[in-house]
Amino acid sequence: MTRARLAGVLAGALLMIFASACSQPPKADYPATPVPFTDVHLTDAFWAPRLDTNRTVTIPHVIEESERTGRVKNFELAKAALAGATDGKYCSRFPFDDSDVYKAIEAASYALATGADPELEKSVDGLIAKIAAAQEPDGYLYAARTIGGPPPQPWLGKERWSYLYMSHELYNLGHLYEAAVAHYQATGKKSLLAVAVKSANLVAREFGPGRRTNPPGHEEIEIGLVKLYRATGTRKYLDLAKFFIDARGRTAGRVPYENDGRTELLYGEYAQDHKPFVEQTEAVGHAVRAGYLYAGAADVAALTGDAAYIAALEKIWADMAGTKLYITGGIGAAGGWEGYGPPYRLPNLSAYAETCANIATFLWNSRMQRLGLDAKYADVMERILYNGVLSGISLSGDRFFYPNPLASFGQHERVPWFSCACCPPNVARILTSVPGYFYAASNDRVYVNLFAQGRSRMKVAGTDLELAQTTEYPWKGDIKIEVRPAREAEFTLAVRIPGWALNRPVPTDLYAYSEPPQGEPTLKVNGEAFELGALDKGYALIKRTWRAGDVVDLSLPMPVRRVVANEAVEADRGRVAVERGPLVYCAEWTDNGGRISNLVLPDGAALTAEMRPDLLNGVVVIKGEAEAVGEKAGRVVSEKTPVTLIPYYAWANRGRGEMEVWLAREPSKARVVREPGLAAKAAVAASDGAVNPKRANDGFEPESSDDAAGYMHWWPKKGTAEWIDYSFETPVRVSESSVYWFDDTGGGGCRVPASWRILYKAGEEWLPVKAAGGYGLAKDAWNTVKFAPVRTRALRLEIKLQENWAAGVHEWTIK
Ligand SMILES: [Zn+2]
C-alpha cells in the first residue's frame, strides 16, 4: 500500500467515523448533476425578458398578493396566539395557504441568487421573521392550527397529524424546506434553514417505523426533505423521505381517519395511496400530488440506488407519456379530482392541465433525465416548459391560469390571483430557476438538454468549462455552441437531438406527425460534419479532446408540422394540431375574425411561418388557408378563409374568445355557424343568477346537451322559476320556437327543466302563446313548438327548474 493510498484510506475511515456520528454520505447519486441556474446566464430574446418580468413583476406581485389576502398575516396571528392571544382567526381560506408564502420566498431567493436586490432581500427577511415567530417551541409550523379559533376548513383534523389525508401539514413543510434551502444557498443566511431544520427534526421524531406511519395526503415533503438532506448532510431527512414514499399504499401501523362519515385507512388512488409505491404502474389521481411524489421518488432512487423505485418510475412514466400527456405538455385531464383521467381521455375544452401539475411533471422529467440519461425525458420537459408551463402566466407576468385548456369558447381568462393560489408562486419559482434545467454534467460528460442563447460555466474532466450558445431558438433551429475549456481536456459533449427534429413529437405513440419530415438535423464540429446516425438515448455524443475555440454547429430544421393523435384519443379524432420546433400552436379568435370552432384545416393546405416582432412580444406566426363552415339558405357550405396560428403559450393575452389547439381536419368536426335567424337580432335579458345569457342566441350548434361549449345556465339555483327574454326594436311576427337544453348529468348540476312555455308581450302584459303541441323536454335534441302567430316586441322563454337541479339553455331560436 502506497503512502498516498494509505492516506486515502485513513481519510476515508475518518470520514466514515464522522459520517456515522452525524450523517452518512449517500451510497449513490444522480449520474449527472444539474449545472445550477446561477452558472447559466441566458441572454436571448425569449427567456431573458421573461426572467426579467418574473423578477420585476411576478415575484413582487406574488408577495403583495400573499400579504393582501392574509396569508402573511396568518403567521402574525400564530405568533400572537403563541404569546397567549385567544381571539385570533385564520384569515385566509385554506390551511395550505402557508405554502404560497414559502414558494414566494423560494422564487425570491432564486432571484437574489442571480443578482443583489436589497429591497427584495429585506422583504424576504421580513417574511422569514414572521414565519419563524409562528413556529411552535417544538418545531411545529402550521398557522391554521396554532392560531386556534374556528378552523377555516374541516381539513385541519381534530389534532396535529390526525387528518393528513387533507390537512396539508406535511405538504406545507415540503415547500418550507425547499424555500429554506433556496434562501440559504442564495444568501448564506440560516434564518429560514433553522426553522426548516427544527421542523424536520420534529417530523422525524413523530413519524417513522414504530411511530406514526400515515403518509402525507399531498406529497411534496419528500422533495423538500431530500433538499434539506443535501444542504445539511443529515441522513435522517433522506431516510424520512423514503419512509414517507414507502408508507404509501400500506396499512401497517396506520391510524384510521374519518372522511365524509366513513372511516378510512388508505387515501386511495386520488393520493397515490392505493398500493405500495414500488407496485404502482400507472400515473393516477391528483396530478400535482402525483408529480411531486414521482419527483421525490426519483431523488430517493438516485440517492439510494433503489432499483424497485426506478422500475416503478419507468412504468408510471410510460403510462403518463404514452396515454395521458396533452400535446401541450399539460397533465391531468379531469377537473373533478384535479388529476389524471383514464388512458387516452384527453378532452380539450374541459382539459384541467393545472399549471402546478405541469410544473410538477416538468420537475419529475428533469430528474428522470439525470437518472436515465435519456433525451426522451428532456423531450417531455421541453414540451411542458415551452407550452404547458408558459401558458400558465400572462405575457405581462401578473395574470395566471389554473387550468390550461386546449380549446375555449371565451370562458377562459387569466386572473391576478386565486383563493387557492398554488399556481402563481409555483410559476414564479420555476421561471427564476429555468436556466438550471439547460445542462447537466457528470465527470467526463456534459449534457446539453435545452437551447437558448447565453453563456454557462461548469466543471468537467477536471477543468473549468464555459459553453456559449448563439441561437434564436425557439424561433430558429440553428444553434452554435462554442466550447471553451480552461485547458485542453478530453470529455464528451452530449447534445440532445430533440425528438421533434427526428419526426417524433413525443417519445411514445400518443402523437405522430402526419406528413413526412422535411430536412434532417445536422451537426458539425469545427466545420466538419459529425455523423448523427446512431444516437445514444437521443444524444449525439461528441467525444474528443476539446480546446478553447472549438465550435459545434447544430442545425434543426423547423418546418411547420401537423400532428395527429393516437386514434384512441377520441377528443382529437378528425383533428389536427400544428407545431413548429418545440412550440405547439393554436388558433385564437382575435387573429381569425372571431370564430375558430367553425374552421377546418384540410390536409395539404400550405402553412408558412412568419416572424411578427410586433405581436405578443415577438412571435413566429403560422399562416395558411382554412375553410370556414357555415350555412347559406339552409344548406351547410364551406368557404376558404385565411387562418393565422400563434404559439399556444401566448393565447389569452388579448381578451376572451375562441381558441383551439386541435383544429377540425374534416368538416364533420367543425361547428357550423348558422345563418343568423330572428333570435340573433334580439336583445337578450334573463332572470337573476343567469350566467352567460347571451349564449342563448349565439348561433352555436351544440353537439349534445352536455356539450361544454356555448351555453347559459342558472346553476346553482334549484327548483326556481326563471326566464330569458328576447326583445326587438320593432315588432316581429313569430310562430315557432326551438330550445336545445343544456344538461350535464353525470358531471354537473344542470338538468332539463321540469316544464317551460313561451310568452309574448302584449302591451305591458306577458301572455302565453297558443301552442299547437307539447313543450318538449328531450335531451340532445331541439325541442320545437309551433304556435298561433303573434306580432310582438318581446318573447319570453319561461322555465320551471326541477326541484333539486339547475337548468341551462344551449340555444333558443325563433321563427
Ligand atoms: Zn396550482
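Here is a short report on the structure shown in this document. Keep in mind that what you see is a predicted model, and the values were worked out from it rather than measured.

**A short note on the environment of G88**
So, step 1. Along the polypeptide, G88 turns up in the loop between α3 (71-82) and α4 (98-114).
So, step 2. Residue classification places G88 among the buried residues on the basis of a relative accessible area of 13%.
So, step 3. Separated by twelve residues in sequence, G88 and E76 have C-alpha atoms that sit 9.7 Å apart.
So, step 4. Setting aside residues no more than four positions away along its own chain, G88 makes contact with I147, G148 and G149.

**Comments concerning the side chain of R575**
So, step 1. Relative to the elements of secondary structure, R575 occurs in strand β18 (residues 575-580).
So, step 2. Polar contacts involving the side chain of R575 include one to the main-chain carbonyl oxygen of W662, which spans 3.0 Å.

**Some points on the packing of aromatic side chains**
So, step 1. Tallied over the full model, the rule gives 38 aromatic pairs.
So, step 2. Ring centres of F75 and Y102 lie 5.9 Å apart, and the angle between their planes is 40 degrees; this geometry places the pair in the tilted category. Taken together, the residues F75 in helix α3 and Y102 in helix α4 connect sequence positions 27 residues apart. Here F75 and Y102 have matching classes, each one buried.
So, step 3. Judged by centre distance (4.9 Å) and plane angle (5 degrees), the ring pair of F94 and F96 falls under stacked. Both residues of the pair, F94 and F96, count as buried.
So, step 4. An aromatic cluster is present here, built from F46, W47, Y386, F451, Y473, W475 and Y649 joined pairwise through their rings.
So, step 5. The ring centre of Y30 lies 4.2 Å from the NZ or CZ of R370, which sits over that ring.

**Digging into the coordination of the zinc ion**
So, step 1. Protein coordination at the zinc ion comes from E354 (OE), C356 (SG), C422 (SG) and C423 (SG), with a distance range of 2.1 to 2.3 Å.
So, step 2. Metal-centred angles of 96 to 122 degrees between the four donor atoms at the zinc ion mark the site as tetrahedral.
So, step 3. The sequence pattern formed by the donor residues of the zinc ion is E-x1-C-x65-C-C.

**Details of the pattern of salt bridges**
So, step 1. Within this structure, the stated rule accounts for 54 salt bridges.
So, step 2. Here R796 ties to D725 by a salt bridge, and the two come within 2.7 Å at their closest N and O atoms. On the criterion of sequence distance, the pair formed by R796 in strand β31 (residues 782-800) and D725 in strand β28 (residues 721-742) is long-range, its members being 71 residues apart. Each member of the pair, R796 as well as D725, carries the same accessibility label: buried.
So, step 3. Each of E106, E178, K227 and R429 takes part in a single network of salt bridges with overlapping partners.

**Re the layout of surface pockets**
So, step 1. There is about 940 Å³ of room inside the second largest pocket.
So, step 2. Around the second largest pocket, the lining comprises 38 residues; the ones closest to its centre are P34, Y110, Q185, K227 and R370.
So, step 3. For the lining of the second largest pocket, the secondary structure elements donating two or more residues are β1 (33-34), α4, α8 (169-187), α10 (221-232), α14 (355-372), α16 (423-433) and β6 (439-441).
So, step 4. Residues of the lining of the second largest pocket, tallied by class, amount to 20 nonpolar, nine polar and nine charged.

Quick notes on the rules
Residues numbered from 1 in each chain as written. Predicted model: local features only at pLDDT ≥ 70, side-chain atom pairs only at ≥ 80, totals over all residues. Heavy atoms only, no water. Helix = DSSP H or I, 4+ residues; strand = E, 2+ residues; numbered from the N terminus. Buried < 20%, exposed > 50% of the residue type's maximum accessible area, 1.4 Å probe, protein only. Contact = heavy atoms within 4.5 Å. Polar contact = N/O pair within 3.5 Å; in protein donor to acceptor, adjacent residues only side chain to side chain. Phe/Tyr/Trp six-rings, centres within 6.5 Å; stacked < 30°, edge-to-face > 60°. Lys NZ or Arg CZ within 6 Å of the ring centre and 35° of its normal. Donors = N, O, S within 2.8 Å, 3.2 Å for Na, K, Ca; no water. Tetrahedral: all angles 85-135°; square planar, octahedral: opposite > 155°, others 65-115°. Salt bridge = Lys/Arg side-chain N within 4 Å of Asp/Glu carboxyl O. 1 Å grid on protein atoms, 1.4 Å probe; cavity = no way out; pocket = protein on both sides within 12 Å on 5 of 7 lines; lining within 4 Å. Points joined across faces, edges and corners; volume = space filled by probe spheres on them. Nonpolar A, V, L, I, M, F, W, Y, C, P; charged D, E, K, R; others polar.

Distances and angles like these do not, on their own, reveal function.
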